[in-house]
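Per-entry structural report
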Amino acid sequence: MTDATPKKKKSLLGRILKWSGITLVLLLITAIALPFLFKDKIIALAKEEMNNNLNATVTFGEFDLSLISSFPDFRFSISDFTIVGKDKFEGDTLTKIPSLKLDLDLMSVISGEQYKINSIQLERPRIFALVLPDGSANWDITKPSTDTAAAAPTSSEPTKFKMTLSNLEINNAYIVYDDASLAVKTVLDDFTHTLKGDFTQDFFGMETMTTIERFTCEYEGMSYLNQVKTVAKADFDVDMINWKFTFKENEVSLNDLGFGFDGFFAMPGADYKMDLTFKAKQAEFKSFLSLIPGAYTEDFKDVKSAGTLAFDGYAKGTYSDASKLSPGFGLNFQVKDGMFQYPSVPKPVTAINIDCKIDNATGVTNDTKIDLNKFHMDFGGNPIDAALHVATPETDASLDGWVKGKLNLASLKEFMPLEKDDQLNGNIDADIKMKGRMSQIEKEQYDQFQCSGKLDIANMIYKGKTDTYETSISALSMLFSPKFVELAKFDGKLGKNDVHANGRVDNIMAWLFKDSLLSGNFVFNSSMMDLNEFAGEETEGAAPAAEDTSAMEIIPVPSNIDFVLKSSITKLIYDDINMDNVAGTITIRNSAVDMSDLKMNLMGGSMVLNGFYNTQNVMVPKVKFNMDIQNFDIQQTFKTFNTVQQLAPVAKYTTGRFSTTLNYTSDLGSDMMPITETMNGQGTLATQQVVIDGFPAMKKLDEALKMNKFSKVTMQDLKMVSFKIENGRVSTEPFDFTAGKAKGKMGGSTGVDQTINYVMDISIPRAEFGPANTALNGMVSSVQAKGIPFQLGDMVNVQALFGGTVTEPTVKTNLKEAGQDMMDNLKDQVVNTVTQKVDSMKKDVINKACVEAQNNLNKVKADAASKKQQAYKLADDAKTSAYAEADKVEKSFKNPWEKAAKKAAADAMRKKADDANKQAKATADKVEADAIGAAQKQVDSNCK
């Protein structure tokens, strides 16, 4: 028995170890196998949820699912998770997360119902939260519900994922919140945050820890916190039913200034309720000094300081956008007998006393009271003092304030540590007083509103260690009065750029307190303004800066500004554009910048510009430009302006000069680039001579014509070529051109998408067709050798149709048809020439017979006339003889009674002679007529 007991114990222990090992192996196999079983399903559901619920472009890298490192939860990991906006925020990245990890409840995944998310971890996320001026936010990307009120009530399908959060971690984030509607911008650089709490409960405790290595907050362009080291440890009692968060133990520090918060913040519905107070935990002035930009240096711990600090405030009430309610608030800030001295400078800034209170118990803006009872500090015998009291700022602002002080800037290096190479000199002298009510200004009761004083700056020079240019003001003088502030003089330099200005600003009080119209008139002059100098330069030895690929943003023009600026700049440089003798008037008014008769010399020529940039609809700015350009260099213009590269790509291959008038309008997108479908314009263009060399479309034309003429072509005297811009295409009316000895007409269009569509009709000298022309000349010589005087035309008419794109054009010509027309012409000329030859010979024969018949007719007429004359003479002679015999007979009577008989006999003889004469002449006439008639018939026959 004694021997068996140990054996049984060993056997039992062996079984335990055996089954424990088996169990462990099974658990290990399960832990390894389960992720493979559920991974594809979880990935599919995650993609489905994002596609169903997000109106954005979501991309991601690799997915992974594991159990061992996060047991008893699944860890679902996504790499390179990115969300990019659509519509108004097209192309804007909302977030980019290199590593996103979700811990999913194991049993919820196995059951296949809702997957419970217990923990979220984000590594190095970059988040850009943007709000446009119209209030649109780029994070509003959830798709709207497809349910309508008219539809039958149905239960919407629940999401496949459910938040049961107990832990949230954000490590090394970079977060930007840029709200254009409120003019607020905050940057959280290297932000780390942890949150712990059981969000499955209605009531629980929540612990948070936040560190921000560099926290920046700006309002209306002014930095109130600049790269402040921030640490916040805050615990809350959370009421999830009422969404109420009540502060417990907490401490927030900004650099060296620590705060404590008490109270609660609740979001039970659409409204926000709060009762919060805060108070600085330190009473030393030095802790507040750490917040001043530039003051928190590496040796700040060694700064000598004295004085006490009181800094506290509250916010109490309800914020309701619907009811237009705001909480009451208050701020108390006091410094007594403060001083500080940096260890590296010889003198302290002393006698710092500040007493400032801001109070508004009701939340109504008009109930705000600002009392800066005292502001005083002394720079080694140069005191600066100020006071300000403001009440009823909304209805009728009451203002009572003054500032007085002199400061020698060169002496500041005795009080503040400057960088080794920093330069600072000059003097500032301010003495300004004002007291009165806003209504007195509005009623132009300037005698009742006290405002007087001056601000003078003389011989100021500043250049920081990292600045690429020096800023100097040799003289600045501002004079204050109830009606206006006069800039009596401003002479200064920004680097090598000189600035000279004077003018005045009206209605400044109403602008400050009532957001009324601020008007002003200024005259600005400069002999040199190189804007590239303000872009900065690379420091010698430093790594080159990365190329800025960010798009431009819309620049809103204030609606409450009415400024007229008359400018004259002898030389203006921007980017690689050199402009000379820039002069004109720029007016800022009604949310628009208007340019009137802005003249300048650039691109080797000159331009007069009229137009505007209008942001009355800040989401879609409008531009309108009327330009009169003379003798611009084409290559300079193409290389300088992107719009020319898009709308006139042929300019890349063109040298010469051009002149144009252009009236142009378009809307601008969020990147300040023209919206293609809104681009419209019209104008005319003229050049004396341009050379187009290597334009792909013209090279294609040479290939089609089998010649080398248009790959490099000179065009002369393009006059008043009319064009228009419409829906992103530039259309050119057909225009005449001359290219060497060729002449033609061309018209068509080019698109922003680089497609082309042109028609060219051109007459080309036949001599320029080379071998083809030689063959034609041989054919002509052969025909001419056969006695046919054939001549072929010197010009060939060709039509070319251009299509495709600028870089890959297509060209179709009618050269084959033109050649066939030439051959048909040759054939027709040969046939016509032979026909003309035969007709000529035939005509010669006919003409010869006609001439002979005509000559015969003339001979017959002459002969007939001669014979007729002879016949007439014979008839007249016979008549004369007969009359003589009749006279003898009549005189031959011997007896008187014979006389009558003799006379009768004689008369009978005369009558017979007359009849015979007539008969003879009629016979002669007939003989003549018959002879001539016969000859005339021969003429008529031969001369048809």
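Residues numbered from 1 in each chain as written. Predicted model: local features only at pLDDT ≥ 70, side-chain atom pairs only at ≥ 80, totals over all residues. Heavy atoms only, no water.

**A word on the overall build of the chain**
Stated formally: Put simply, DSSP H or I for four residues or longer makes a helix, DSSP E for two residues or longer makes a strand, and each gets a number counted from the N terminus. Type-normalised accessible area, obtained with a 1.4 Å probe on protein chains alone, sets the label of each residue: buried when under 20%, exposed when over 50%, and partly exposed for intermediate values. The contact rule is simple, with two residues in contact once any of their heavy atoms fall within 4.5 Å. Under the convention used here, a 1.4 Å probe and the Shrake-Rupley method define accessible areas, while residue burial counts only the protein chains that appear.
Counting its regular elements, the chain contains 11 helices and 39 strands. Buried positions account for 37% of the 944 residues belonging to the chain. Contacts spanning at least 24 positions in sequence make up 53% of the contacts within the chain whose residues lie at least 6 apart. By element, 56% of the accessible surface of the chain is carried by carbon and sulfur atoms, the whole surface being about 54,200 Å².

**Re the pairing of strand β12 (residues 257-266)**
Our working definition: For two strands to pair, DSSP has to find at least two bridges joining them.
With 6 bridges connecting them, strand β11 (residues 244-254) and β12 associate as antiparallel partners. Following the sheet pairing, Ser 253 is matched in β12 by Gly 258. Between the end of β11 and the start of β12, which pair antiparallel, lie 2 residues, with Asn 255 showing a positive phi angle near 55 degrees. The hairpin formed by β12 and strand β13 (residues 272-280) contains 5 residues between the paired strands.

**A look at the side chain of Asn 167**
Short version of the rule: In the analysis that follows, any N or O atom pair within 3.5 Å is treated as a polar contact, provided that within protein one partner can donate a hydrogen and the other can accept it, and provided that, for residues neighboring in sequence, both atoms belong to side chains.
Along the chain, the position of Asn 167 falls in strand β7 (residues 161-179). On the basis of relative accessible area, Asn 167 is assigned to the buried category, the value being 15%. At 3.4 Å, the side chain of Asn 167 and the side chain of Ser 119 are in polar contact. Within the structure, Asn 167 has its side chain in polar contact with the side chain of Glu 169 (distance 3.4 Å). Not counting residues within four places of it along the chain, the set of residues in contact with Asn 167 comprises Asn 118, Ser 119, Ile 120, Leu 195, Lys 196 and Gly 197.

**A short note on the pairing of strand β25 (residues 518-526)**
Only one face of β25 is covered, namely the one carrying Leu 518, Gly 520, Phe 522, Phe 524 and Ser 526; the face carrying Ser 519, Asn 521, Val 523 and Asn 525 has none of its residues buried. Here strand β24 (residues 497-506) runs beside β25; their pairing, made up of 7 bridges, is antiparallel. Bridge pairing in β25 links Arg 504 to Asn 521. Pairing geometry for β25 and strand β27 (residues 561-574), over 9 bridges, is parallel. Following the sheet pairing, Phe 522 is matched in β27 by Leu 565.

**Regarding the nonpolar core**
Applicable threshold: Definition used in this section: a nonpolar core is a set of buried Ala, Val, Leu, Ile, Met, Phe, Trp, Tyr and Cys residues joined via side-chain atoms within 4.5 Å.
Counting 132 residues, the largest nonpolar core has Met 698, Leu 701, Phe 710, Phe 737, Met 760 and Phe 802 as the members making the most contacts within it. In terms of residue count, strand β10 (residues 222-239) provides more of this core than any other element does, 6 residues in total. Beyond its immediate stretch of four places on either side in the chain, Leu 701 contacts Phe 710, Met 760, Ala 800, Phe 802, Val 811 and Thr 813.

**Details of the pattern of salt bridges**
As a reminder, the rule being used: Each reported salt bridge corresponds to a side-chain nitrogen of Lys or Arg within 4 Å of a carboxyl oxygen of Asp or Glu.
One pass over the structure, following the stated rule, counts 28 salt bridges. Here Lys 454 ties to Asp 429 by a salt bridge, and the two come within 3.6 Å at their closest N and O atoms. With Lys 454 in strand β21 (residues 450-463) and Asp 429 in strand β20 (residues 423-437), this pair connects stretches of sequence that are 25 residues apart. When its relative accessible area of 31% is taken as the criterion, Lys 454 is described as partly exposed. With a shortest N-O distance of 3.8 Å, Asp 753 and Arg 729 are connected by a salt bridge.

**Observations concerning the confidence of the model for the chain**
Definition in use: Confidence scores here are pLDDT values: one per residue, from the predictor, ranging 0 to 100.
Within the chain, residue pLDDT values average 80, and 81% of them lie at 70 or more. Taken as a whole, residues 16-39 scores under 50 in pLDDT and shows 19 contacts with residues more than four places along the chain or in a different chain.

**Observations concerning the packing of aromatic side chains**
In this description, an aromatic ring pair is defined by two values, namely the gap between the centres and the angle between the planes. Which entries qualify depends on this criterion: The criterion for an aromatic pair is that two Phe, Tyr or Trp rings (for Trp, the six-membered ring) have centres within 6.5 Å, with stacked assigned to planes under 30 degrees apart, edge-to-face to planes over 60 apart and tilted to the rest.
By the definition in use, this model includes 20 aromatic pairs. Aromatic pair Phe 288 and Phe 333: ring centres 4.5 Å apart, planes at 50 degrees, arrangement tilted. Of this pair, Phe 288 sits in helix α3 (residues 285-289) while Phe 333 is found in strand β15 (residues 328-341), placing the two residues 45 residues apart along the sequence. Phe 333 matches Phe 288 in its accessibility class, with the two residues each being buried.

**With respect to a nonpolar patch on the surface**
Our working rule: A patch is a set of surface residues, each over 30% in relative accessible area and not in a salt bridge, joined within 9 Å for like charges and within 5 Å for the nonpolar side chains Val, Leu, Ile, Met, Phe, Trp and Tyr.
A cluster of nonpolar side chains, namely Tyr 219, Met 222 and Tyr 224, defines an oily patch on the protein surface of about 340 Å² accessible area. Summarising the element assignment, Tyr 219 is placed in strand β9 (residues 203-219). Take Tyr 219: its relative accessible area is 38%, and that puts it in the partly exposed class.

**What about unusual backbone geometry?**
At Ala 351, a position not held by glycine, the phi torsion is positive, near 55 degrees. Among the secondary structure elements, Ala 351 is positioned in strand β16 (residues 349-360). On the basis of relative accessibility, which here comes to 30%, the residue Ala 351 falls in the partly exposed class. Backbone geometry at Asp 597 places phi at a positive 50 degrees, although glycine is not the residue there. Relative to the helices and strands, Asp 597 is located in strand β29 (residues 592-602). A relative accessible area of 42% places Asp 597 in the partly exposed class.

**Points about the side chain of Asp 179**
Secondary-structure assignment places Asp 179 in strand β7. Within the structure, Asp 179 has its side chain in polar contact with the side chain of Tyr 177 (distance 2.6 Å). In terms of polar contacts, Asp 179 uses its side chain to reach the side chain of Ser 181, at 2.4 Å. Leave out the neighbours within four places in its chain, and Asp 179 touches Val 131 and Val 184.

**Re the environment of Pro 809**
Note on placement: Pro 809 falls in strand β39 (residues 809-813). Residues Pro 809 and Asn 757, 52 residues apart in the sequence, show an inter-C-alpha distance of 9.5 Å. The residues contacting Pro 809, other than those within four sequence positions of it, are Pro 696, Ala 697, Lys 700, Ile 756, Gly 803 and Gly 804.

**Quick word on the environment of Thr 82**
Within the secondary structure layout, Thr 82 lies in strand β3 (residues 73-84). Classification of Thr 82 as buried rests on a relative accessible area of 11%. For the pair formed by Thr 82 and Thr 59, sequence separation is 23 residues and the distance between their alpha carbons is 5.2 Å. Beyond its immediate stretch of four places on either side in the chain, Thr 82 contacts Thr 57, Val 58, Thr 59, Thr 93, Thr 95 and Lys 96.

**A short note on the environment of Leu 257**
In this fold, Leu 257 is placed in strand β12. A relative accessible area of 0% places Leu 257 in the buried class. When the C-alpha positions of Leu 257 and Phe 288 are compared, they lie 5.7 Å apart, and in sequence the two are 31 residues distant. Beyond its immediate chain neighbours, meaning those up to four positions away, Leu 257 contacts Val 252, Ala 280, Gln 282, Ser 287, Phe 288, Ser 290, Leu 291, Leu 309 and Phe 311.

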